[in-house]
Amino acid sequence: MSSHGGEIRVLHVDDDPDLGDLVALHLERVHEDLTVYTERRAVDGLERLSAEPFDCVVSDHDMPGMGGLEFLRAVRDDHGDLPFILFTGKGNEEIASDAISAGVTEYLQKGIGTDQYTVLANRIERAVGERRAKTALEESERMLSTLISNLPGMVYRARNEADWPMEFVSDGAAELVGYRSEAIERGEVSWGGLIDESDADRLWQTVQTCIKAGEPFEVSYQVETADGETRWMWERGRVVDETDDGVELLEGFITDVTARKERERELTAEREFSEKLINAIDDAFYLVGTDGSLIRWNDVVNEVTGYTDEELASIDVWDLVAESHHDEIGRAIERTLAVGHGSVEVPLVTADGDKLLYEFRGSAIDDRNGETIGVAGIGRDITERKRREQKRKQYETLVENVGDPMYVLDPDSTIRMANEAMADHLGYDRDDIVGSPPNRFMPDEDVQRGTDLIRDLVRDDERTWGSFEMRTVDADGTIRINEDKVAPLFDDDGAFVGSVGVLRETTERKERERELERYETIIEAVGDPVYTLDDEGVFTYVNEAIEDMTGHEPDALVGAHISTVMSDEDIARGNELIREMLSDADRRNVTFETELVDDAGDSTPVEIHMALLPAPAGEFAGTAGVIRDISERKARERQLAEFASVVSHDLRNPLNVADGRISLARETGDLSHLDAAASATDRMSELIDDLLSLARQGATVGETSAVDVAAAASQAWGDVDTGEATLSKSGSVTVEADPARLRELFENLFRNAVEHGGSGGETPDPLVITVGRTDDGFYVADDGVGIPPSERCQVFERGYTTSERGTGFGLAIVREIAEAHGWSVDLAESEAGGARFAFTTARGDR
């Protein structure tokens, strides 16, 4: 094996092919690291050297063309110091001299036997090894030079004497202290002279101590740079030699650590600040490792536990907690490390064996590398707090088991506590009560009375309690009269901190009176008429709403018989329903429709929801009822019936036409009948569209706003096929209307005018439709043929039309939209002899 390691590529040049193959065979057998490549001519060898890397060349001397020495010179010109061994059978001193002059690496004469190949292999290995070693040394020196030149400081060699005279200084000196290395080496600048006087003695003693101990030295000191700046240096060095006169030679490295020193000072200041801050905390601060060891604590821990810093440093968290809670502490640490934060309450055991109940709250702490180092937090003595909590729980238990409502107010009169009896009394959840002001549950005047009483009690040292009558309002609006017994609350320093009160309801009579007043208020607030009748059918009570429906004042109806407002036939039907309820124990109320007669003799359709008044079983004490006006519902029912009639009548004819025409087309094969059928279906489509428009839109309006009538008319005009007709606008008026419904009103008026209002004649003039304002609304007029007076009352009826193609719903929709807005519409002759529709807007215009 090669002593230098790695494959050795050998180029062997010899014109004898047999000898070349033999040399390669023996060399590769003798040394397995050798790989031999053979060429027959020197020129071929040069080409191969240019194309491939080789570690050594072995060449014969006498070869045709280019000989061995000429080959050697060519190799030296192109490949430098590549090892070249002249292996020749012709040897003499002259050849050897010429070879050496040409730069041959080895000269070896061919012999007899195989030993010569071993010698040749060794010469090759030695030559290659020396070259590789030289190359490695040069590379090492180059890297060392590069390293020194790139170091953030300087490398030096100095005598171990006062001021440390420098024999060698790297180029980094200029950047380090502002002086060139040559000036320091020549002694123009003394390195010792740059060192701060306050550091000089300490620095000398430290270096000498390390030298005597045979150890390298590391020191930090301050120097003054060329520009007068003070910088911190860090130096590491050691003794490397000794001069003839016995002075140690030192070699080392110096770098600027000013930034690090500044950071160290900052960290020291931060550490001192943290120490002061931690020790200023009134509670125990701790940092516990993941294994439970104590890493950091403040002075409070020493004071509480009685342990010194040395003792705390030698124990862990388990030594500070009662043994029965060790598992609990372990779980708390694991939980905190897992989720990032946690707390636990356990007894803290002092050095004297005392146990203090402590609450520990902590968070997981990571180092700069993100590795968790433990749990840091605060420990707080909760012994007294727990005692107070226990006492408070006892009082809470007592308060919660008292049947009377109780409460506590803050100094600002906010409810701080209310017991369950108070929640039941007020009908609210306790969470809804606590935090609320008292006037949420009682009148302001009663709150003021209670406030005045508390103020008097605070000023009077002789009085502890006081009481006053007050009212509470529960969640249902029920008002209760109570006696409120109150007392002020004071803290340990005698400062007023609130008040406490206990409620007790007063008499049942007041409750019944209050309940009666409440029901009367509710009944009067109901929008529908409410009544009660005795067993003879005489009114015993009616609310104010009865007057709007019947015209009779409530006082006038009380004591009057039901026949005053109802027919005998309807009374008989009501009595029958009463008998049915009396005979069926599960039936307590009925609903029926009837009519009420007002003081003018007019009837109003109503729905009465009637129930039996409470009475002993089997007896009849009278009835109570709620009356609801169903005039609008009845009108809608009539409208629905009329709508159904129109649908069944008007759609049937075109449907029959279509059906008949289709049958004829099938029987005769005459497809012209289909045109008539299609015309009939078109007629049906028009009827359906108008019917849907009437049903969906005519009688209803959506959200209203101020609408410019002229603008709405212009929009509608663009949505209607008006042919050659023109629109004229006279004046401006704004009405409160549903914009979409108003636009539909104009569309139907315009369509009706175009379809029915043509002026007639052989050459009729284009129709002109005018929209203008009136004193109380607006009008739409045309200059067409007009509508005869005899037909003006009929044109607004559904289905009425004088056109073969009309549906008769257009003007009906106009009337429905107007009435839905609360307007009235009048039809008259226009100034031009056509039709004029005038709308009086009940909601006003401007």
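Let us look at the structure shown here. Numbering of residues begins from 1 in every chain and follows the order in which that chain's sequence is written. In keeping with the model being predicted, local features are shown solely for residues with a pLDDT of at least 70 and side-chain atom pairs are shown and tallied solely at 80 or more, while totals for entire chains, interfaces and linings include all residues. Excluded from the side-chain calculation are hydrogens and water; included are all heavy atoms of the structure.

Notes on the packing of aromatic side chains
Any Phe, Tyr or Trp ring, taking Trp's six-membered ring, that has another such ring centre within 6.5 Å forms a pair; planes under 30 degrees apart are called stacked, those over 60 apart edge-to-face, and the others tilted. Scanning the entire structure with this criterion turns up 13 aromatic pairs. Plain terms: the ring middles of Tyr-37 and Phe-54 are 5.5 Å apart, the flat faces sit at 80° to each other, and that makes the pair edge-to-face. One end of the pair, Tyr-37, is in strand S2 (residues 34–39); the other, Phe-54, is in the loop between helix H2 (42–51) and strand S3 (56–59), and 17 residues separate them in sequence. To sort residues, take the accessible area from a 1.4 Å probe on protein chains only and compare it with the maximum for the residue type: under 20% means buried, over 50% means exposed, and anything in between is partly exposed. You can call Phe-54 buried: its relative accessible area is 8%. Residues Tyr-428 and Phe-441 carry aromatic rings whose centres are separated by 5.2 Å and whose planes lie at 70° to one another, so their mutual orientation is edge-to-face. Pair noted here: Tyr-428 is in the loop between helix H15 (420–426) and helix H16 (430–433) and Phe-441 is in the loop between H16 and helix H17 (444–459), with a separation of 13 residues, a long-range link. In textbook terms, an aromatic cluster arises when at least three aromatic residues are bridged by ring pairs, as seen for Trp-717, Phe-746, Phe-750, Phe-778, Trp-823 and Phe-839. Between the NZ or CZ atom of Lys-261 and the centre of the ring of Trp-232, over which it lies, the distance is 4.6 Å. Remark: a charge is flagged as sitting over a ring if the NZ atom of Lys or the CZ atom of Arg is within 6 Å of the ring centre and within 35 degrees of the ring normal. Here Arg-836 stacks its cationic end above the ring of Tyr-779, 4.5 Å away from the centre of that ring. What counts as a helix is a DSSP run of H or I of at least four residues, what counts as a strand is a run of E of at least two, and both are numbered from the N terminus.

So, the pairing of strand S4 (residues 84–88)
Judged by how many residues are buried, S4 sits mostly within the fold: five of five residues are covered. Covered by surrounding structure in S4 are Phe-84, Leu-86 and Thr-88 together with Ile-85 and Phe-87, the residues of both alternating faces. By the convention used here, strands pair only if DSSP detects at least 2 bridges between them. Direction of pairing for S3 relative to S4: parallel, over a ladder of three bridges. Following the sheet pairing, Ser-59 is matched in S4 by Leu-86. Orient the strands so they point away from the viewer; a crossover is then right-handed if the path from the first strand over the helix to the second runs clockwise. Regarding the hand of the β-α-β motif, the stretch spanning S3, helix H3 (residues 68–79) and S4 is right-handed.

Re empty space enclosed by the protein
Using only the protein atoms, space was sampled on a 1 Å grid; points where a 1.4 Å probe fits but cannot get out form cavities, open sets with protein on both sides within 12 Å along at least five of seven lines form pockets, and lining residues are those with an atom within 4 Å of a point. Grid points are joined across faces, edges and corners, and a volume is the space filled by probe spheres set on the points. Following the criterion strictly, the structure yields two cavities of 30 Å³ or more and no others. In this structure, the largest cavity occupies an estimated 340 Å³ of space. If you trace the largest cavity, you find 22 residues lining it, with Tyr-286, Val-288, Val-317, Ile-329 and Phe-360 closest to the centre. Those elements that provide at least two residues to the lining of the largest cavity are strand S11 (284–289), helix H11 (299–305), helix H13 (326–339), strand S13 (341–349) and strand S14 (355–366). When its volume is computed, the second largest cavity comes out at roughly 60 Å³. Classifying every residue of the lining of the second largest cavity by side-chain character gives eight nonpolar, no polar and one charged. Under the scheme applied here, ten amino acids are nonpolar (Ala, Val, Leu, Ile, Met, Phe, Trp, Tyr, Cys and Pro), four are charged (Asp, Glu, Lys and Arg), and all others, including Gly, are polar.

Structural notes on the pairing of S14
Successive residues of a regular strand alternate their side chains across the two faces of the sheet. The pairing of S13 with S14 spans nine bridges and is classified as antiparallel. Bridge pairing in S14 places Glu-345 opposite Glu-359. Where S13 folds back onto S14 in an antiparallel hairpin, the turn is made up of five residues, including Gly-353, whose phi is positive at roughly 90°. In this structure, S14 lies alongside strand S15 (residues 372–381), joined through nine bridges in antiparallel fashion. Residue pairing in the sheet places Glu-359 in a bridge with Arg-380 of S15.

Observations regarding the packing of helix H24 (residues 709–718) against helix H25 (residues 739–756)
The description of two packed helices rests on the angle between their axes and on the distance between the axes. Where H24 contacts H25, the two axes come as close as 8 Å, and the packing angle between them is 60°. Between H24 and H25, the crossing angle belongs to the class labelled oblique. Once H24 is placed against H25, the crossing between them reads as right-handed. When H24 is examined against H25, the residues Val-709, Ala-712, Ala-713, Gln-715, Ala-716 and Trp-717 are found in contact with a partner set consisting of Leu-742, Arg-743, Phe-746, Glu-747 and Phe-750. Of the residues belonging to the contact of H24 with H25, the class tally is eight nonpolar, one polar and two charged. Structural elements are reduced to axes, namely lines fitted to C-alpha atoms, with helices fitted over the stretch in contact, and the angle between N-to-C directions of any two is expressed from 0 to 180 degrees. Convention used here: angles under 35 degrees read as roughly parallel, angles over 145 as roughly antiparallel, angles from 65 to 115 as roughly perpendicular, and any remaining angle as oblique. Left-handed describes a crossing in which the near helix is turned anticlockwise from the far one by less than a right angle; the clockwise case is right-handed. Between two residues, a contact is recorded if the distance between any of their heavy atoms is within 4.5 Å.

Looking at the environment of Asp-44
Tracing the chain through its elements places Asp-44 in helix H2. We classify Asp-44 as partly exposed; its relative accessible area is 21%. Distance in space between the C-alpha atoms of Asp-44 and Val-13 is 8.6 Å, their sequence separation being 31 residues.

Concerning a negative patch on the surface
Judged by side-chain charge, Glu-544, Glu-547, Asp-548, Glu-553, Asp-555, Asp-599 and Asp-602 come together as a negatively charged surface patch. Along the chain, the position of Glu-553 falls in the loop between helix H19 (545–550) and helix H20 (554–557). Candidates for patches are residues over 30% relative accessible area with no salt bridge; among them, like charges are joined within 9 Å and nonpolar side chains (Val, Leu, Ile, Met, Phe, Trp, Tyr) within 5 Å. To measure how exposed things are, a 1.4 Å probe is used in the Shrake-Rupley method; for residues, cover is taken only from the protein chains shown. Salt-bridge detection follows one rule: a side-chain nitrogen of Lys or Arg within 4 Å of a carboxyl oxygen of Asp or Glu. Here Asp and Glu are counted as negative and Lys and Arg as positive; His is not counted, and neither are the chain ends. Charged groups are reduced to one reference atom each: NZ for lysine, CZ for arginine, CG for aspartic acid, CD for glutamic acid.

Let's talk about the nonpolar core
Leu-742, Phe-746, Phe-750, Phe-778, Phe-837 and Phe-839 are the most contacted members of the largest nonpolar core, which totals 35 residues. At the level of secondary structure, the elements contributing two or more residues to this core comprise H24, strand S28 (734–737), H25, strand S29 (768–774), strand S30 (777–782), helix H26 (810–820), strand S31 (824–829) and strand S32 (835–840). Counting residues per element, this core draws most heavily on H25, which supplies six residues. Filtering out sequence-adjacent residues up to four positions away, Phe-746 remains in contact with Val-709, Ala-712, Ala-713, Ala-716, Val-771, Phe-778 and Val-780. Residues belong to one nonpolar core when they are buried, are Ala, Val, Leu, Ile, Met, Phe, Trp, Tyr or Cys, and are joined through side-chain atoms within 4.5 Å. Of all hydrophobic cores here, the second largest spans 26 residues; its members include Tyr-156, Val-169, Ile-184 and Met-233.

Considering the environment of Tyr-428
Owing to a relative accessible area of 21%, Tyr-428 belongs among the partly exposed residues under this scheme. Linking Tyr-428 and Ala-475, residues 47 residues apart in sequence, is a C-alpha distance of 6.1 Å. Apart from the residues lying within four places of it in its own chain, the contact partners of Tyr-428 are Ala-423, Ile-433, Arg-440, Phe-441, Val-473, Asp-474 and Ala-475.

Quick word on the sheet that holds strand S17 (residues 415–418)
Across the sheet, which stays open at both edges, the five strands sit in the order S17-S16-S20-S19-S18 with antiparallel pairing between neighbours. Whereas interior strands pair on both sides, the edge strands pair on one side only; in this sheet they are S17 and strand S18 (466–473). Pairwise comparison of adjacent strand axes, ignoring direction, gives a mean angle of 30° for this sheet. Direction of pairing for S18 relative to strand S19 (residues 479–490): antiparallel, over a ladder of eight bridges. Bridge assignment links Glu-469 to a residue of S19, and that residue is Glu-483. Relative to the sheet, H17 contacts S18, S19 and strand S20 (496–505), its axis offset from that of S18 by approximately 155°.

Looking at unusual backbone geometry
At Asp-163, a position not held by glycine, the phi torsion is positive, near 70°. With respect to the element layout, Asp-163 can be found in the loop between strand S6 (153–159) and strand S7 (166–169). Classification of Asp-163 as partly exposed rests on a relative accessible area of 44%. Positive phi values are uncommon outside glycine, yet Ser-413 reaches one of about 70°. One can find Ser-413 in the loop between strand S16 (406–409) and S17.

Some details on the side chain of Gln-208
In this fold, Gln-208 is placed in helix H9 (residues 197–212). Among all residues touching Gln-208, those that are not within four sequence positions of it are Asn-160 and Trp-164.

Some details on the pattern of salt bridges
Scanning the model with the defined rule gives 34 salt bridges in all. Between Asp-55 and Arg-132 there is a salt bridge, and its shortest N-O distance comes to 3.2 Å. Taken as a pair, Asp-55 in the loop between H2 and S3 and Arg-132 in helix H5 (residues 115–150) lie far apart in primary sequence, 77 residues in all. For Arg-132, a relative accessible area of 26% corresponds to the partly exposed category. Measuring nitrogen to oxygen at the nearest pair gives 3.0 Å for the salt bridge that ties Arg-471 to Glu-445. One end of the pair, Arg-471, is in strand S18; the other, Glu-445, is in helix H17, and 26 residues separate them in sequence. Taking the relative accessible area as the measure of exposure, Arg-471 reaches 30% and is therefore partly exposed. With relative accessibility at 45%, the residue Glu-445 sits in the partly exposed group. The structure contains a network of salt bridges with shared partners spanning Arg-9, Glu-39, Arg-48 and Glu-52.

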